[in-house]
Each structure stands twice: as C-alpha cells, then as structure tokens.
Amino acid sequence: QVQLVESGGGLVQAGGSLRLSCSASGSIFSINAMGWYRQAPGKRRELVAAITSVGSTNYGDSVKGRFTISRDNAKNTVYLQMNSLKPEDTAVYYCLAEGLVNGGRDFGSWGQGTQVTVSS
C-alpha cells in the first residue's frame, strides 16, 4: 500500500505564488510517474502537470509557462511551483503516483487533495 501526503495549499491573491509538495510512502519499489491534477466545483478533474522518473514533463495547456513540476526521486516527493496564479486556478489539487510496490505489483495512488484558492 502506498500513501501520498500533500501540503502547501492555501489562499493567495491573483498574481501570487504557491508551492505544493506531495510525498509518497509505503511498500514502494519504484515510482514511474508522479503528477498533479485539479478539480474545481462542477468541473471534471484535469491534468495540471506530470513528470516521469527520468524528468520528462507534461503540462496542461492552461498552466504552461506559469507552473513548474519537479521531483526528488530519493525522497519520493513531487513539487508543483505555481506562479502568476489566476482566480481560475482555484480548485482542489490532487497528487497521483504510479509505479511498482515491493513484490512487483502495479500501484496507482491518489493523495487526499489540498485546496488552492486564488482571490481576485
């Protein structure tokens, strides 16, 4: 079993910055991809950014140029630096990790979510 713990959400004014962190723990053999998704009220969950174990990244169109994803493989931790925040970035942000647990089975785990609110 793999657990994800997120931190760093909060309330910020438009134009401000926040940094989210997500750490994975448990019977982890390897983590392939880690990423961030978000869900605003009444909307579908959408990809914000993802990163592989070798550093390949993918961003949602609405955050390109403003958000940066990074990870520390030794700490099984992924970060999301969010700059130039807009009110439309307001959502619950969820961390996702996919990989292998000890014993070779695949896993895919979600964090509990952290609220990001951007005021205008």
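Our subject is the structure that appears above.
Residues numbered from 1 in each chain as written. Predicted model: local features only at pLDDT ≥ 70, side-chain atom pairs only at ≥ 80, totals over all residues. Heavy atoms only, no water.

Colleague: Just give me the short version of the overall build of the protein chain, but keep the residues and values in it.
Modeller: Summing up its helical and strand segments, the protein chain has 0 helices and 11 strands in all. For the protein chain, the succession of helices and strands along the chain, N to C, is β-β-β-β-β-β-β-β-β-β-β. Taking 2.2 N^0.38 as the reference for a compact globule, 120 residues should give roughly 14 Å; the C-alpha atoms of the protein chain span a radius of gyration of 14 Å, in line with that estimate. Counting only residues that meet the buried cut, the protein chain has 41% of its 120 residues in that class. For the protein chain, restricting intrachain contacts to residue pairs at least 6 apart in sequence, the fraction spanning at least 24 positions comes to 54%. Roughly 6300 Å² of accessible area belongs to the protein chain as shown, and the carbon and sulfur atoms make up 46% of that amount. Side chains of the protein chain carry 11 positive and 8 negative charges; the gap between the two charge centres is 2 Å. (Helix = DSSP H or I, 4+ residues; strand = E, 2+ residues; numbered from the N terminus. Rg over C-alpha atoms; globule rule 2.2 N^0.38 Å. Buried < 20%, exposed > 50% of the residue type's maximum accessible area, 1.4 Å probe, protein only. Contact = heavy atoms within 4.5 Å. Areas by Shrake-Rupley, 256 points an atom, 1.4 Å probe, with all protein chains shown as cover. Lys, Arg positive; Asp, Glu negative; His and termini not counted. Charge placed at Lys NZ, Arg CZ, Asp CG, Glu CD.)

Colleague: So what about the state of the cysteines? Which residues, and what values?
Modeller: Scanning all chains against the criterion turns up 1 disulfide. With a sulfur-sulfur separation of 2.1 Å, Cys 22 is cross-linked through a disulfide to Cys 95. Here the S-S torsion is close to -85°, and the disulfide linking Cys 22 with Cys 95 is therefore left-handed. Taken together, the positions of Cys 22 in strand E3 (residues 18-26) and Cys 95 in strand E9 (residues 91-101) put the pair 73 residues apart, joining distant regions of the chain. You can call Cys 95 buried: its relative accessible area is 0%. (Disulfide = S-S within 2.5 Å.)

Colleague: Just give me the short version of the nonpolar core, but keep the residues and values in it.
Modeller: Grouped together as the largest cluster of nonpolar side chains are 31 residues, with contacts concentrated most on Trp 36, Leu 80, Met 82 and Tyr 93. At the level of secondary structure, the elements contributing two or more residues to this core comprise strand E1 (2-7), E3, strand E4 (28-39), strand E5 (46-51), strand E7 (67-72), strand E8 (77-82), E9 and strand E11 (114-119). It is E9 that contributes the most residues to this core, 5 residues altogether. Leaving out residues up to four positions away in the same chain, Leu 80 has contacts with Leu 18, Arg 19, Leu 20, Trp 36, Val 48, Ala 49, Phe 67, Thr 68, Ile 69 and Tyr 93. (Core = buried A, V, L, I, M, F, W, Y, C linked by side-chain atoms within 4.5 Å.)

Colleague: So what's going on with the environment of Asn 83? Which residues, and what values?
Modeller: Assignment of secondary structure puts Asn 83 in the loop between E8 and E9. For Asn 83, a relative accessible area of 30% puts it in the partly exposed group. For Asn 83 and Phe 67, which are 16 residues apart along the polypeptide, the C-alpha to C-alpha distance reads 6.0 Å. Other than its neighbours up to four places away in sequence, Asn 83 contacts Gly 16, Ser 17, Arg 66 and Phe 67. Side chain to side chain, Asn 83 and Gln 81 meet in a polar contact 2.9 Å long. (Polar contact = N/O pair within 3.5 Å; in protein donor to acceptor, adjacent residues only side chain to side chain.)

Colleague: Outline the side chain of Arg 66, supporting the account with residue identities and numerical values.
Modeller: If you trace the backbone, Arg 66 turns up in the loop between strand E6 (57-59) and E7. Only 2.9 Å separates the side chain of Arg 66 from the backbone oxygen of Ser 62, close enough to count as a polar contact. Leaving out residues up to four positions away in the same chain, Arg 66 has contacts with Gln 81, Met 82, Asn 83, Ser 84, Leu 85, Lys 86 and Asp 89.

Colleague: Describe the pattern of salt bridges, listing the residues and the values that go with them.
Modeller: Evaluation of the coordinates by the stated rule reveals 4 salt bridges. Between Arg 38 and Asp 89 there is a salt bridge whose closest N-O contact spans 2.9 Å. In this pair, Arg 38 is assigned in strand E4 and Asp 89 in the loop between E8 and E9, connecting sequence segments 51 residues apart. For Asp 89, a relative accessible area of 1% translates into the label buried. One salt bridge connects Asp 89 with Arg 66, and the closest N-O pair in it is separated by 2.7 Å. Of this pair, Asp 89 sits in the loop between E8 and E9 while Arg 66 sits in the loop between E6 and E7; the two residues are 23 residues apart in sequence, bridging distant segments of the chain. (Salt bridge = Lys/Arg side-chain N within 4 Å of Asp/Glu carboxyl O.)

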